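# Fold and geometry: a report
What follows is the residue order along each chain.
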Amino acid sequence: MTDVMTERPVATGGHPVSLQHARLPRWTPPVLALVAAAAGSGIGLAAGLDSRVQWGLIAALLFVLGTFTLAVGVEGARQAKDRLATSLVWMAFLLAVVPLASLLWETIARGVKVLDGYFLSTSMGTLPDALPGGGIYHAIVGTLEQVGLATLIAAPIGLLTAIYLVEYGRGKLAKAVTFFVDVMTGIPSIVAGLFVLSVWILILGFGPSGFAGSMALAILMMPVVVRSTEEMLKLVPNELREASLALGVPKWRTILKVVLPTSVGGITTGVMLAIARITGETAPVLLLVWGAKTINNNPFEGAQQSLPLYVYQQWQIGSEAAYDRAWAAALVLIAFVMILNLAARGIARWKAPKTGR
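Residues numbered from 1 in each chain as written. Predicted model: local features only at pLDDT ≥ 70, side-chain atom pairs only at ≥ 80, totals over all residues. Heavy atoms only, no water.

Identification of the protein as Phosphate transport system permease protein PstA from Streptomyces halobius is taken from an unreviewed UniProt entry. Under the heading Subcellular location (unreviewed entry), UniProt records this for the protein: "Cell membrane". Word for word, the UniProt comment on the protein under Sequence similarities (unreviewed entry) is "Belongs to the binding-protein-dependent transport system permease family. CysTW subfamily." (UniProt positions renumbered as here; feature names shortened; annotations may be inferred.)

Attention now goes to the overall build of the protein. Scanning the protein from N- to C-terminus turns up 13 helices and zero strands. Ordered by position from N to C terminus, the α and β elements of the protein give α-α-α-α-α-α-α-α-α-α-α-α-α. Taking 357 residues into account, the globule formula puts the C-alpha radius of gyration at 21 Å, and the protein, at 29 Å, lies well above it. Taking all 357 residues of the protein together, the buried fraction comes to 36%. In the protein, 68% of the contacts between residues at least 6 apart in sequence involve partners at least 24 apart. Taking the 26 positively charged and 19 negatively charged side chains of the protein as two groups, their mean positions are separated by 7 Å. (Helix = DSSP H or I, 4+ residues; strand = E, 2+ residues; numbered from the N terminus. Rg over C-alpha atoms; globule rule 2.2 N^0.38 Å. Buried < 20%, exposed > 50% of the residue type's maximum accessible area, 1.4 Å probe, protein only. Contact = heavy atoms within 4.5 Å. Lys, Arg positive; Asp, Glu negative; His and termini not counted. Charge placed at Lys NZ, Arg CZ, Asp CG, Glu CD.)

The next subject is helix H7 (residues 189-203). The terminal C-alpha atoms of H7, which comprises 15 residues, lie 20 Å apart, in line with the 21 Å expected from a rise of 1.5 Å per residue. Taken as a whole, H7 carries its principal kink of about 30 degrees at leucine 197. Inspection of H7 places Ser189, Ala192, Gly193, Val196, Leu197, Trp200 and Ile201 among the buried residues, and these make up the whole buried set. Along its buried surface, H7 packs onto helix H8 (210-234) and helix H11 (283-288). A positive backbone phi angle near 85 degrees is found at glycine 205, which sits one or two residues after H7. (Expected span 1.5 Å × (residues − 1). Bend = angle between axes of the 7 residues up to and from the residue.)

According to UniProt, the "domain: ABC transmembrane type-1" (unreviewed entry) feature falls on residues 140-344. Secondary structure content for residues 140-344 is 80% helix and 0% strand, while the C-alpha to C-alpha distance between its ends is 20 Å.

In the structure shown here, the tally under the stated rule is seven aromatic pairs. On the numbers, 5.6 Å between centres and 65 degrees between planes, the contact of tryptophan 200 with phenylalanine 211 is edge-to-face. Taken together, the residues span a long stretch of sequence, with tryptophan 200 in helix H7 and phenylalanine 211 in helix H8 at a distance of 11 residues. We classify tryptophan 200 as buried; its relative accessible area is 19%. Plain terms: the ring middles of tryptophan 315 and tryptophan 327 are 6.2 Å apart, the flat faces sit at 85 degrees to each other, and that makes the pair edge-to-face. Of this pair, tryptophan 315 sits in helix H12 (residues 307-317) while tryptophan 327 sits in helix H13 (residues 320-351), and the two are 12 residues apart along the sequence. Owing to a relative accessible area of 44%, tryptophan 315 belongs among the partly exposed residues under this scheme. (Phe/Tyr/Trp six-rings, centres within 6.5 Å; stacked < 30°, edge-to-face > 60°.)

In this section: a nonpolar patch on the surface. Together, Phe195, Val199, Leu202, Ile203, Leu204 and Phe206 make up a nonpolar patch on the protein surface, roughly 630 Å² of accessible area in all. Tracing the chain through its elements places isoleucine 203 in helix H7. A relative accessible area of 65% means that isoleucine 203 is categorised as exposed. (Patch = residues over 30% accessible without salt bridge, like charges linked within 9 Å, V, L, I, M, F, W, Y side chains within 5 Å. Areas by Shrake-Rupley, 256 points an atom, 1.4 Å probe, with all protein chains shown as cover. Salt bridge = Lys/Arg side-chain N within 4 Å of Asp/Glu carboxyl O.)

What follows concerns the confidence of the model for the protein. Confidence along the protein averages 88 in pLDDT terms, with 92% of residues attaining 70 or more. Contacts for the low-pLDDT stretch residues 1-8, under 50 throughout, to residues beyond four places or in other chains number eight contacts. (pLDDT = per-residue confidence, 0-100.)

Let us now look at the nonpolar core. Ranked by size, the top nonpolar core spans 41 residues in total, and within it Val196, Trp200, Met221, Leu233, Ile275, Ile278 and Leu288 carry the most contacts. Of all the elements, H8 adds the most residues to this core, at 12 residues. The residues touching tryptophan 200, leaving out its near neighbours within four places in the chain, are Gly205, Phe206, Gly207, Ser209, Phe211, Ala212 and Met215. Of all hydrophobic cores here, the second largest spans 10 residues; its members include Leu307, Tyr310, Ala329 and Val332. (Core = buried A, V, L, I, M, F, W, Y, C linked by side-chain atoms within 4.5 Å.)

Where empty space is left becomes clear once a probe the size of a water molecule has been rolled over the atoms. What the largest pocket holds in volume is close to 660 Å³. Around the largest pocket, the lining comprises 23 residues; the ones closest to its centre are Gly56, Ala60, Trp90, Met91 and Leu94. Mapped by element, the contributors of at least two residues to the lining of the largest pocket are helix H1 (28-47), helix H2 (52-74) and helix H3 (77-111). Among the elements that line the lining of the largest pocket, the one with the most residues is H3, at 10 residues. The residue inventory of the lining of the largest pocket, partitioned by class, reads 16 nonpolar, five polar and two charged. (1 Å grid on protein atoms, 1.4 Å probe; cavity = no way out; pocket = protein on both sides within 12 Å on 5 of 7 lines; lining within 4 Å. Points joined across faces, edges and corners; volume = space filled by probe spheres on them. Nonpolar A, V, L, I, M, F, W, Y, C, P; charged D, E, K, R; others polar.)

Written as structure tokens, this is what we have:
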């Protein structure tokens, strides 16, 4: 029955029936998390488990079971299943974040030992690798030039390929291009390096250089740019294209003035993600660039250093001073990738279409 005036459900005895079920208080999850952490630590100590990771896994399991049990008793089975799914998602998130945070903390703690202005502005020169001193200036120069050249090669090709696939691609050619882009997405970095090595160095006779490494990095970067740009272009509403074409604007100008400005934020982010993808590659650089202890500002001639290769070589040396330099270079590499991502977000926000008046 319903009350005609209020249209609320009414029981047969004349009393209104509430549509709201009992809910757990908002403070229940954090309190349960604290109790589960304490219980997990206690169980770990009692069982003689030395790893804090094992304690955390026990606490996570207790938290999920406790949340589900309380929700079943108070809120019902349906809401309990919802809370169970939410708890599992949070646990998965923590399992992904904790190793990353631990790695970042370890890199910062060890990398700051020798990270200073001298380290950033000095090369290894003639310094013996086992002795303290030296820096990564030559590696920074090499990384910037190699990644910059790879971006100049891959970004325009990837952008134009994505435009063709979305705006013009029909028939067998478009299917073939899509197939090869998918294949290139799964190519290991060492395969790209071997391809450039066989063609550029062994067949054509050119020597090792930063440009050779850039070509291998561009091969790895192109499919990422194509796929990300393609998805961003597909998100542009067709109504915008149709409105521009209805005004008599040519299709190429519609793409240039309407489609690309609308999706420039996502395209920029995709390019920056592709740059971050190739910045840490070591195998192609090891094969094609070889590494150098001195500064080489010419990426088209002679061996050159890069940050990931510098980290690998210093770690391979095995001395305490080399370990410190490797950790500091790894910290600089992480900071470089973070700066790229922040720059991508800034450019995307700056170039995004303005929706307000």
